[in-house]
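The lines below spell out each chain.
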Amino acid sequence: MNSYCKYENNRLIIGNEYIERSINLAGGYPVNEYIDNKITGKRWYGDNNIAMFNVCGFEFGGSVSFRQYECENGGLSEQHLCSELTYESAKMKLIQLFEIYDNSPFITTTLSVLSLSNAQSSESNAANESAVSDDGIEQDAPHDTTAAGIKLPAPDTIDCLTISPAHLKVETITLADKSDGNDCYVHRSRELIYDNRENQYSGSIFLLDDYIDGEQLIVVKEAPCISSQLARNGADLRVRSRNSGYVYLCGSGLTEGELCSSEVLTLYGSTVGVANKYNNPLRLYKRHYSKVCLGSGRLFAMSNTWGDRSRDAALCESFMLRERECAERLGVDIMQIDDGWQKGLSANSAKKAGKVWSSGFYREDPQFWNVNPEKFPSGLSPLMSDNVELALWFSADGDNDYANFERDAERLAALSREYGVRQFKLDGMTLKNKLGEKHICEFLTLAREKSGVDLTFNLDITAGVRLGYLPKKEIGTIFIENRYTDFVNYYPHATLKNLWMLSELFPARKFQFEILNNLRNADKYEATAPGDELAPVNYDIDWLFASVMVSNPLFWMEMQHLNSEQQSKLADITAVWKRERDKLYSAEILPVGEEPDGISFTGFQAIVDYSSGYLILLRESSNESEYTYNIKLPANAKFEPLKSNSGFEIIASDEKLIRVRFEKKRSYVFLKYRV
């Protein structure tokens, strides 16, 4: 490995060919000395002597031990170097884990705590707020100072960096989930900070730009979205510039009152990286994310009947056999049965008899997660096929902070062994504290171990309090949104917009995005907005597929109700996509063109290597027929059209652009390019 870690003379140094971080423990507390960009020689440091963290009332002064090892998260991540510092006081043990990957300019730091006393504190973490003087002038919150002269950062700080730039710009990227009530999952803002005080920001990803010398520091709070964070009590980032500057990443997700002597609880983490004006920091982070989350190795097309809103009313063996026939005809890889396959009824059941959601499943019926004998008298075996895999919906039991996680894991493993199920959609999750989060994470790992196969998950983030985009990123895919023509809330351009925005931050293969039956409920759209060009009925169904095919396309419909033309178009484009998807999976996906809004020219570039890749170019309902995409292409690139739903012409192209003429509105072209 190119990554290294050295611990000697009370100093920990961890790094690789891109980044190095030094932590000094000579004063009894870990203090960040510097972070180096080893490519440019930029050193981020400051004059402040501030401890790296301040969580759970931990008091230093006990023993410190060190160990390191290599890890790959059970094959879900690239092999990487892990280093641990363990601090032990009279009341508490705290483990500080550092993780670094080869060829990545990022280091992740995570804290875990264990109470060594049965007595629990009733105090919670102090609020992360600056003090205000009597005359109303904002001042920095005072720092406590140890006998060795080391300052403590703000309470509930999980990582502290010292910095010294005179001038900084801060870009804040805030991620959102709970998509049942949201339709924009990436919010961005940028400002030049006021350098005479502490500046506070709430968000998920922060870019600190020392724009005078063109260097950037990337700070990521490895935590759920703001609305799903536990024990949240203030800003996520606190920054002050100049020689006395610092960066505090705040919010552990844990209160002191939650500590107990029987459980090690892991706090929210910190990832810090370096870049400069010649690098795109978000592209660097996306590449790092791809190392942590290797995925299954292939894009997949999945079907799920819930999108047509009959819920479990039609669900039975004969109904699903018809769905399987359609799946085989359309080229769908995995047929997922949503809520209703099981014996117990959830609160979402169309039969109105279900009472439970998120918890209480075993209290309602100890056999809740058996296969429903009335709907599937022969079990699920008749649905198994060599051509189409079977996947199931599942909701872990939230009773007593997911105390039944081992029972849930064993049930999933049994279903996997009996029916060959390798994917489960996990829904209904509502986390209340760090203990519940710990049990959910153990459930995810244990289910894979017990099944004996490469079990994976589709993590639903449409509602509830859930892990989101950043924690446990190595696990499975993310089920992004529920959209329904029945409710007139499915618009193809809005789904495309969300994938387009997320693909700048994360590998697109991490997500599932939906395709609906575009002919359903056309009358409802007409009644809501007569003549609306952006209504689904005005799109070709293969355009819908093309718009999401850099992710894992989700056929969110009862496929048996598609007409012959719809089925033919979907079968054709799915066949083309399946021939190219292995390269799309490993390619770097970039959003290109304009942000989708229904009348734009937009799309994606898939960079396979320096000499080849793909373009998926889409014309929405624009009145213009030509558009110039600013895209970096290899010199002398040749284009091979793979699929389109109308006539098109490449008018001009070079290393920096491609100009395309589209014959009609709402058209697309899928191109391969290579030298």
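The text that follows walks through the structure, step by step, so that each part is easy to find. Only a predicted model underlies this, so the values are computations on that prediction, with no experimental measurement involved. (Residues numbered from 1 in each chain as written. Predicted model: local features only at pLDDT ≥ 70, side-chain atom pairs only at ≥ 80, totals over all residues. Heavy atoms only, no water.)

Attention now moves to unusual backbone geometry. For Arg-309, which is not a glycine, the phi torsion comes out positive at approximately 65°. Assignment of secondary structure puts Arg-309 in the loop between strand 20 (302-304) and helix 2 (317-330). In the Ramachandran plot, Asp-401 falls in the positive-phi region, its phi being about 60° despite a non-glycine side chain. Within the secondary structure, Asp-401 is located in helix 4 (residues 399-402). Of the residues examined, Asp-401 reaches a relative accessible area of 22% and is grouped as partly exposed. (Helix = DSSP H or I, 4+ residues; strand = E, 2+ residues; numbered from the N terminus. Buried < 20%, exposed > 50% of the residue type's maximum accessible area, 1.4 Å probe, protein only.)

For the structure shown, the criterion picks out two cavities of 30 Å³ or more. Surrounding the largest cavity, Leu-426, Met-429, Leu-459, Asp-460, Ile-461, Arg-466, Leu-467 and Gly-468 form its lining. Classifying every residue of the lining of the largest cavity by side-chain character gives five nonpolar, one polar and two charged. Of the volumes computed, that of the second largest cavity is approximately 40 Å³. Forming the boundary of the second largest cavity are Ser-395, Ala-396, Tyr-402, Leu-426, Asp-427, Gly-428, Met-429, Ile-440 and Phe-443. Across the lining of the second largest cavity, the residue classes break down as six nonpolar, two polar and one charged. (1 Å grid on protein atoms, 1.4 Å probe; cavity = no way out; pocket = protein on both sides within 12 Å on 5 of 7 lines; lining within 4 Å. Points joined across faces, edges and corners; volume = space filled by probe spheres on them. Nonpolar A, V, L, I, M, F, W, Y, C, P; charged D, E, K, R; others polar.)

Before going further, it helps to examine a nonpolar patch on the surface. A contiguous nonpolar surface patch, about 300 Å² in accessible area, is contributed by Leu-192, Tyr-211 and Ile-212. Counting through the fold element by element, Ile-212 comes out in the loop between strand 14 (205-210) and strand 15 (215-222). On the basis of relative accessibility, which here comes to 62%, the residue Ile-212 falls in the exposed class. (Patch = residues over 30% accessible without salt bridge, like charges linked within 9 Å, V, L, I, M, F, W, Y side chains within 5 Å. Areas by Shrake-Rupley, 256 points an atom, 1.4 Å probe, with all protein chains shown as cover. Salt bridge = Lys/Arg side-chain N within 4 Å of Asp/Glu carboxyl O.)

On to the pattern of salt bridges. Pairing between side chains of opposite charge can happen when the charged atoms of each approach one another. Using the criterion set out here, one finds 50 salt bridges in the structure. Salt-bridge contacts for Arg-422 lead to Glu-389; the nearest nitrogen and oxygen are separated by 2.6 Å. Placement of the pair is Arg-422 in the loop between helix 5 (405-419) and strand 23 (423-426) and Glu-389 in strand 22 (residues 389-394), with a sequence separation of 33 residues. Between Glu-533 and Lys-665 there is a salt bridge whose closest N-O contact spans 3.2 Å. On the criterion of sequence distance, the pair formed by Glu-533 in the loop between helix 8 (522-528) and helix 9 (541-548) and Lys-665 in the loop between strand 34 (657-662) and strand 35 (667-674) is long-range, its members being 132 residues apart.

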